[in-house]
Amino acid sequence: MNRCQKCNLLSSDSSFDSDKNVSSVVEQKIKVFALGGLDENGKNLYVVEVNDKIFVLDAGLKYPTEDLLGVDAVIPDFTYLKENVSRVQGIFLSHGHEDHIGALPQLLSLINVPIYGTRLTMALVEDSLSENGLDFKNYKLYKIRENNELFFGDIKVTFFKTTHSIPDSVAICIHTTDGVIVYTSDFTFDQSAKGRYQTNYARISEISKEGVLCLLSESINAEKSGHTSTGSSLTYELEEAFSRAEGRIICSLYSSDLHRIQLVIDLAIQNGRKIAIIGRKMQRIVDISVKLGYLRIPKSALMNLLYIDEKNDNNLSNLVVLATGNRYEPFNALIRMAKHQDRLIHIEKSDTVIVATAPIPGNEIKAARTLDLLYRTGASVVAINKNLLPSSHASSEDLKLMMNLLKPQYIMPVIGEYRNLVAHAKIAEKMGYNTENVILLDNGDVVEFQQGELVNHTEHIQIDQVLVDGLGVGDIGSVVLRDRQLMANDGIIVVIANLNKNTKEIVAGPQIVSKGFVYEKGNEELYAALDELVRNIIGQFVTEQYVNWQGLRQELRDKIGKLLFNKTKRKPIIIPIVEEFNL
């Protein structure tokens, strides 16, 4: 066996020998749980414990909902892994999407453990670490191939290729003496998939023959009947749009969907058009993918956009512009272009705009607003019906096929909101699985297997939601979020008063500053009442030599809050600032 070197691709016959002496352990205690990814879209992180060894499957982020004001991302709670870092054998990655690798920079800042992933996945990990100011050379990053076997004492880890919207996607298999734990991650069974996108049915068959103890299979599309579409209808729609376009074509795409990006690139080349890419992250992903051979773009077709000025207005009639990004980014780019606020592209009447990004949960309003703005430009707008945009997640028949191929003893639905998990569970039950063999969990719930049987389902690991806000990780709590919500809904009132230190008389103020509450003009009576109330409260508290400043500020907050609610039925944040000066 050849020892793997950091970030070097393994040869096809090599494997890890970190604990090469395989013991003859007969009985193994196996625990399976999630630190993220259950009852939510994103934040995927699953843990398999075999005796004293911990195997981490993926480490993703989740994009915040609208109620998480100002938050950039939500990541799993890594406390358990930090407390048990000596037992963590490694982090095993299924593919390179943010909801599966996006939390790695934060996790690696807490624990420096080996990471295993395929070639493209690890390239994207390196890029993510660099973007977050970390030197990837300081970490144990190992590239694996599908046919590698990794040994950790009496435990073996293997992989098999799956079909997804990004190449080099794999399922992860933990081999124990009681059977295999299989984590499929995101997948489909697209029979038209080629090359790096193809599912390895032979490997699935081999795993099945060994005996699968528990299958952790994705659930996002479990409510959708049939097999996931191959996308032939989308190809036809795009071909039609390209054939009708006389001027520039501007196409919105999610940067994580390399398969769809390649489709647009191929159509551009077939129609003799040049290609330009908008979006810093997308440009990096494309650079990586082109360099590694995962995207095919002739150099003659790729155009680097320059600033719009009198010399270069980027109005080439044969130009295809890819407006890309994650979640909101493609829509934000189109909005800027439609409003002529983008520094590179202004949408004109002669343009054709293809919206090939179906709104994901949380950005439906943004998507609708974008379409309204695009139609106002007078450009030809081709909004691809979301039913024609092929999903990259397994539908009900795909889930059934995976169960039939692997024949697991237990099924644990993962990856999806609770209704998706329940739909997946019902599919398994219709397939003949007993209810007790279909495991529905919440994040932190632990299931335990011994001698191939489920023996415990009551243990729970306490985990919290960790919010990322700029450079801050976990320093945004419920109190901060509540204050942000209050400021967004009802605004803020700041009361400022300066006192003479000797006489305790008000020498400046009270000044009342309103932000997001009500204007002073037209509300003179309210502001007069506030002024009188503040003077009375200060007068009551400064009658003695010693002033209870904390009590004074609390009294101001309470009494001002009651007055404002009685007058306006609103509850702004109230900040009293009372200070004394030597005069």
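Since the structure is predicted, the reported quantities are computational estimates derived from the model, not experimental observations. (Residues numbered from 1 in each chain as written. Predicted model: local features only at pLDDT ≥ 70, side-chain atom pairs only at ≥ 80, totals over all residues. Heavy atoms only, no water.)

**Q** What should I look at first to understand the sheet that holds strand E8 (residues 141-143) in this one?
**A** Picture the strands of a sheet paired through backbone hydrogen bonds; they go either parallel or antiparallel. Read across the open sheet, the 8 strands follow the order E8-E7-E6-E4-E3-E2-E21-E22; overall the sheet is mixed. In the strand order of this sheet, the two ends are held by E8 and strand E22 (453-456), each with one partner. For this sheet the average axis-to-axis angle between neighbouring strands, irrespective of direction, equals 25°. Bridging between strand E21 (residues 446-450) and E22 involves 3 bridges; their strand directions are antiparallel. Counterpart to Glu-448 in the pairing with E22 is Asn-456. Across the sheet, helix H4 (residues 119-131) is in contact with strand E7 (115-117) and E8; its angle to E8 comes to roughly 155°. (Pairing = 2+ DSSP bridges. Helix = DSSP H or I, 4+ residues; strand = E, 2+ residues; numbered from the N terminus. Axes fitted to C-alpha atoms, helices over the stretch in contact; angles between N-to-C directions. Contact = heavy atoms within 4.5 Å.)

**Q** Can you walk me through the UniProt feature "binding site: Zn(2+) 2" (unreviewed entry) in the protein chain in this structure?
**A** Here the UniProt-annotated "binding site: Zn(2+) 2" (unreviewed entry) positions come out as His-164. With respect to the secondary-structure elements, His-164 resides in the loop between strand E10 (155-161) and strand E11 (170-176). Contacts of His-164, omitting those with residues within four sequence positions, involve His-95, His-97, Ser-169, Asp-186, Phe-187, Tyr-197, Ser-392 and His-393. Polar side-chain contacts of His-164 include one of 3.3 Å to the side chain of His-97. (UniProt positions renumbered as here; feature names shortened; annotations may be inferred. Polar contact = N/O pair within 3.5 Å; in protein donor to acceptor, adjacent residues only side chain to side chain.)

**Q** Would you mind going over unusual backbone geometry with me for this structure?
**A** Peptide bonds are, in most cases, trans, and in most cases residues other than glycine have a negative phi. One non-glycine residue, Ser-185, lies in positive phi territory at about 55°. Turning to its location among the elements, Ser-185 is positioned in strand E12 (residues 179-185). Phi is positive for Ile-415, close to 60°, though the residue is something other than glycine. The exposure class assigned to Ile-415 is buried, which follows from its relative accessible area of 1%. (Buried < 20%, exposed > 50% of the residue type's maximum accessible area, 1.4 Å probe, protein only.)

**Q** Which parts of the structure should I look at to understand the pattern of salt bridges?
**A** Pairing is possible between side chains of opposite charge, provided their charged atoms come close. Under the defined criterion, the tally for this structure stands at 18 salt bridges. Residue Glu-459 is joined to Lys-31 by a salt bridge in which the shortest nitrogen-to-oxygen separation is 3.2 Å. With Glu-459 in the loop between E22 and strand E23 (466-469) and Lys-31 in strand E2 (residues 29-36), this pair connects stretches of sequence that are 428 residues apart. Of the charged contacts, one joins Arg-203 and Glu-206 as a salt bridge, the two residues approaching to 2.8 Å between their closest N and O atoms. (Salt bridge = Lys/Arg side-chain N within 4 Å of Asp/Glu carboxyl O.)

**Q** Help me understand the nonpolar core in this model?
**A** Nonpolar side chains in soluble globular proteins tend to be buried together. By size, the foremost hydrophobic cluster in this structure holds 71 residues, and its most contacted members are Leu-81, Leu-322 and Ile-354. Sorting elements by how many residues they give to this core places helix H7 (residues 258-270) first, with 7 residues. Not counting residues up to four positions away in its chain, the partners in contact with Ile-354 are Leu-238, Ala-241, Phe-242, Ile-249, Ile-250, Cys-251, Ser-252, Val-382 and Ile-384. Counting 35 residues, the second largest nonpolar core, distinct from the first, contains Val-48, Leu-150, Tyr-183 and Leu-216. (Core = buried A, V, L, I, M, F, W, Y, C linked by side-chain atoms within 4.5 Å.)

**Q** Just checking my understanding: could you explain the environment of Asp-266 for this structure?
**A** Turning to its location among the elements, Asp-266 is positioned in helix H7. Residue Asp-266 is classed as partly exposed on the basis of its relative accessible area of 24%.

**Q** Would you take a moment to explain helix H10 (residues 364-376) for this structure?
**A** Since there are 3.6 residues in each turn of an α-helix, residues three or four apart along the chain are aligned in direction. End to end, H10 covers 19 Å across 13 residues, agreeing with the expected 18 Å (1.5 Å per residue, within 8%). Where H10 is concerned, the buried positions are Ala-367, Thr-370, Leu-373 and Leu-374. Looking down the long axis of H10, one finds its buried residues gathered within 125° of arc, a one-sided arrangement. Among the exposed residues of H10, those pointing more than 90 degrees away from its buried face are Ile-365, Asp-372 and Arg-376. Where the residues of H10 are buried, they touch helix H9 (329-338), strand E18 (352-355) and strand E19 (380-383). (Expected span 1.5 Å × (residues − 1). Arc of directions from axis to C-beta.)

**Q** Please explain the packing of aromatic side chains as it appears in this structure.
**A** The geometry of two aromatic rings is summed up by the distance between their centres and the angle between their planes. Tallied over the entire structure, the rule returns 11 aromatic pairs. Residues Phe-33 and Tyr-80 carry aromatic rings whose centres are separated by 5.3 Å and whose planes lie at 85° to one another, so their mutual orientation is edge-to-face. Of the two residues, Phe-33 sits in strand E2 while Tyr-80 sits in helix H1 (residues 79-83), which places them 47 residues apart along the sequence. Phe-33 sits in the buried class, given a relative accessible area of 1%. According to the relative accessible area criterion, Tyr-80 is buried, its value standing at 16%. Look at Phe-187 and Phe-189: their rings are 5.4 Å apart centre to centre, the planes differ by 70°, and that puts the pair in the edge-to-face class. Assessed through its relative accessible area of 1%, Phe-187 is described here as buried. (Phe/Tyr/Trp six-rings, centres within 6.5 Å; stacked < 30°, edge-to-face > 60°.)

**Q** Any chance you could explain H7 here in plain terms?
**A** In a regular helix each residue adds 1.5 Å, so 13 residues correspond to 18 Å; H7 covers 18 Å between its end C-alpha atoms and thus fits that length. Along H7, the positions that sit buried rather than exposed are Leu-258, Arg-260, Ile-261, Gln-262, Leu-263, Val-264, Ile-265, Leu-267 and Ala-268.

**Q** Please clarify how the packing of H9 against H10 should be interpreted in this entry.
**A** Each pair of packed helices can be described by the angle between their axes along with the distance between the axes. Contact geometry of H9 with H10 gives a least axis separation of 9 Å together with a crossing angle of 25°. One element, H9, and the other, H10, form an angle in the roughly parallel class. Relative to H10, the crossing made by H9 is left-handed. Packed against H9, whose contacting residues are Phe-331, Asn-332, Leu-334, Ile-335 and Ala-338, the element H10 presents Lys-366, Ala-367, Arg-369, Thr-370, Leu-373 and Leu-374 at the interface. Within the contact of H9 with H10, the residues separate by chemical class into 7 nonpolar, 2 polar and 2 charged. (Parallel < 35°, antiparallel > 145°, perpendicular 65-115°, else oblique. Left-handed = near helix turned anticlockwise from the far one by under 90°. Nonpolar A, V, L, I, M, F, W, Y, C, P; charged D, E, K, R; others polar.)

**Q** Explain the environment of Tyr-197 here, please?
**A** Of note, Tyr-197 is situated in the loop between E12 and helix H5 (201-210). Considering only alpha carbons, one finds Tyr-197 and His-259, 62 residues apart in sequence, at a separation of 8.7 Å. Discounting chain neighbours no more than four positions away, the residues touching Tyr-197 are Thr-162, Thr-163, His-164, Ser-165, Ile-166, Pro-167, Leu-258 and His-259.

**Q** What should I look at first to understand the pairing of strand E17 (residues 319-325) in this one?
**A** The two faces of the sheet receive side chains in turn, since in a regular strand these alternate between them. Of all 7 residues in E17, 7 are buried, a share of seventy percent or more. Going residue by residue along E17, you find Leu-319, Val-321, Ala-323 and Gly-325 tucked away on one face and Val-320, Leu-322 and Thr-324 tucked away on the opposite face as well. Pairing of strand E14 (residues 249-254) with E17 involves 6 bridges; the strand directions are parallel. When the bridges of E17 are listed, Ile-250 appears paired with Val-321. Both strand E15 (residues 274-278) and E17 contribute to a ladder of 5 bridges, which runs parallel. Bridge assignment links Ile-277 to a residue of E17, and that residue is Leu-322.

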